[in-house]
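Each chain, written out:
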Amino acid sequence: MVGRPTLHGARSSLRRQYLLALASIVTVCALVAVACAAAVVWSSRTIQDSADRVTQLEVANRDIRQAISDTSAAVNDHILGIPVTSKAPYLTAAGWLPLSQRTLRDLADGDEKLVDLVAQQDDVLSEWARYAETTLEDPAPRPADRQAALRENKQRLDSFMDVNEQVKMRIDDLVGEIRDRTEQVTFIVLVGVILLPAITVAWVVTLGRRMGENVVRPLSDITAVLERLRSGDLEARAAVEGPEEIQQIASALNLLTDENIRAVEVEADVLNQLEAIDRVRTDLVSTVSHELRTPLTSIAGYLELLQDDLTGNLSSQQLTMMGAIRRNLDRLTELIENLLALSRAEETTFAMEPVDLRGIASEVASDIRLTAAARDITVRTQHPPVPVVVLGDRSQLIRAVQNLVTNAVKFSRQGGVVEVRVSQEDTEAVLEVSDEGIGIPAADLPGLGSRFYRARNAVEAEISGTGLGLRIVQTILDRHEGQLAVDSVEGEGATFTLRLPTSTRPFPPTSAEPGAVDQAGNQAAGQAAAAPQLTRD
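Throughout this document, residue positions are counted from 1 along each chain, in the order its sequence is written. At least 70 in pLDDT is required for a residue's local features to be given in this predicted model, at least 80 for side-chain atom pairs to be given and counted, and no such filter applies to totals for whole chains, interfaces and linings, which use all residues. For the side-chain quantities, the full set of heavy atoms in the structure was used; hydrogens and water were omitted.

**Q** For this particular structure, what's the right way to read the overall build of the chain?
**A** Secondary structure assignment for the chain yields 10 helices and eight strands. Only protein chains enter the calculation, and the probe is 1.4 Å; a residue is then buried if its accessible area is under 20% of its type maximum, exposed if over 50%, and partly exposed in between. Going through the 537 residues of the chain one by one, you find that 36% of them count as buried. Once local pairs closer than 6 in sequence are excluded, the contacts in the chain between residues at least 24 apart make up 77%. Accessible surface area values rest on a Shrake-Rupley calculation with a 1.4 Å probe, where residue burial reflects the displayed protein chains alone. Summed over all atoms, the accessible surface of the chain reaches about 30,600 Å², with 56% contributed by carbon and sulfur. We count a stretch as a helix when DSSP gives it H or I for four or more residues in a row; a strand needs E for two or more, and each element gets its number in order from the N terminus. What makes two residues a contact is simply this: any of their non-hydrogen atoms within 4.5 Å.

**Q** Please clarify how the pattern of salt bridges should be interpreted in this entry.
**A** Opposite charge on two side chains makes pairing possible when the charged atoms of those side chains draw close. For this analysis, a salt bridge means a side-chain nitrogen from Lys or Arg found within 4 Å of a carboxyl oxygen belonging to Asp or Glu. The tally for this structure, following the rule as stated, stands at 15 salt bridges. Salt-bridge contacts for Asp172 lead to Lys168; the nearest nitrogen and oxygen are separated by 3.4 Å. Here Lys168 and Asp172 lie together in helix H4 (residues 143–230), a separation of four residues that amounts to about one turn. Classification of Lys168 by relative accessible area gives partly exposed; the value is 38%. Between Asp356 and Arg358 there is a salt bridge, and its shortest N-O distance comes to 3.0 Å. By relative accessible area, Asp356 is classed as buried at 4%.

**Q** Help me out: how do you make sense of helix H7 (residues 357–373) in this one?
**A** Because an α-helix packs 3.6 residues into every turn, residues spaced three or four apart end up facing the same way. Taking 1.5 Å per residue, 17 residues should reach 24 Å; H7 reaches 24 Å between its end C-alpha atoms and fits that length. Two axes define the bend at a residue: one fitted to the seven residues ending there, one fitted to the seven starting there, and the bend is the angle between them. A bend of about 30° at Asp367 is the largest found in H7. One less than the residue count of a helix, multiplied by 1.5 Å, gives the span that helix is expected to have.

**Q** Any chance you could explain the environment of Gln273 here in plain terms?
**A** Position of Gln273 relative to the elements: it lies in helix H5 (residues 244–309). Take Gln273: its relative accessible area is 43%, and that puts it in the partly exposed class. We define a polar contact as two N or O atoms separated by no more than 3.5 Å, with the added condition that, inside protein, one atom must be a possible hydrogen donor and the other a possible acceptor, whereas residues neighbouring each other in sequence contribute only through side-chain atom pairs. At 2.9 Å, the side chain of Gln273 and the side chain of Asp269 are in polar contact.

**Q** Would you mind showing me how to read the packing of helix H8 (residues 394–410) against helix H10 (residues 469–479) here?
**A** For any two helices packed against each other, the geometry comes down to the angle between their axes and how far apart the axes lie. Interhelical geometry of H8 versus H10 gives an angle of 145° and a closest axis separation of 9 Å. Judged by the sense of rotation from one axis to the other, the crossing of H8 with H10 is left-handed. The segment H8 lies against H10, with Gln396, Leu397, Arg399, Ala400, Asn403, Leu404 and Asn407 engaging Gly469, Leu470, Ile472, Val473 and Ile476. Here an angle of 0 to 180 degrees is reported between the N-to-C directions of two axes, which are lines fitted to C-alpha atoms, with helices fitted over the stretch in contact. Two helices that cross are described as forming a left-handed crossing if the nearer one is turned anticlockwise from the farther one by less than a right angle, and a right-handed crossing if clockwise.

In structure tokens, the structure reads:
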């Protein structure tokens, strides 16, 4: 009987447990195979030996019976006066009879009843042999005595046949016993062949279950700990138990959890500090911008008064100095306005509503045309006849588009063309601003949208600006879940593409829809003084 499988403890290596289980399974299967083969061979040999013994018993007993029958025939022939050649069967039988008797005695050994019967048959055979030998040696009886001699011969033959039949019946009984024994052996072998594999399977299942308990249970505990950690329970820890490999996993998980908690605490502290710094930065920018706006407004006012009072009394050098003061004053004013606009774009809550990009494009183009006309730059708009509606803050979207169009005009050459195109692609609203200006170097494209970043060729051309225009555009688009892309070749111009998700909310109808194509030339040049001042990117 196969014993209960054992493992070398829960602390052993999983590999060691696996090898031990594999070796045990192989050994048990090999033993079962050997046992089944041995049982089959033993049963086959036992049955064969028994069958051979019975066959030899039957043959030996039949030979003795045949020898006695032949001898009886020779005696009858002698009694009837047949010539001496009738002794031939007797002589042949007499030669085989001792060998058959010895074989029968040897095969009967081990069965007391058969041994007794064979002994009785030997006694009868001895008497018969003496009778036959005497009869054949004596002269043939007279005719008057032949009937009596024949009756005596028959009586002696019947006496032998009775004993021989008992021997045959005992041999037949042995055949039955062998048949029963064969059935028993076959049953035992079949039971063993079926039972041993069944026991082996049960043992393997038990071994696998125990290995599974030693492996699956710790892994299940680790999985449960992972689920608790994912749900936010940072106090969850895995039990360090099971095979060595699983213990290492559990220890690593616990260590990682502890490190993660420390990292979360550090991250939260850093985020709090960054938020505090950002609030301080925002407050500082807002405060400084407001505080600077007042004195700058005062300086601008006094500068205008001074220019008015001294008109015609200033030398060329003094006019140059006054111009420098005005340009730097405008540059500071623009910087402050951009800082305030960026701060509002980052911090202010947007008033979201359905907005038609066509109207924004037309409005911005109209505002900038007069300024562009001063440099003989044409601003065109192109849009579909149906509304292109997005959900957004109208004032912020106007500022974003205005910054893009202003930059396009600013960096365009005199006599150039700026196009503002509005379209819809599936679920996206697209607004493109393209120009034929100085373009942007490929090396400077990745830095666009950063604070105070300016392209190299713009700096070299001494085109004024703060480097905040595109940063404001990017911030506004981020708040609207939009995207900004740029495609430019230095010296050939640039195209800025603004993409926003379209709105499913209906846009309220208006009495005046913008035209499909809105184009203006330089006829507005005389109104250049009323145009808004260009911003800088």
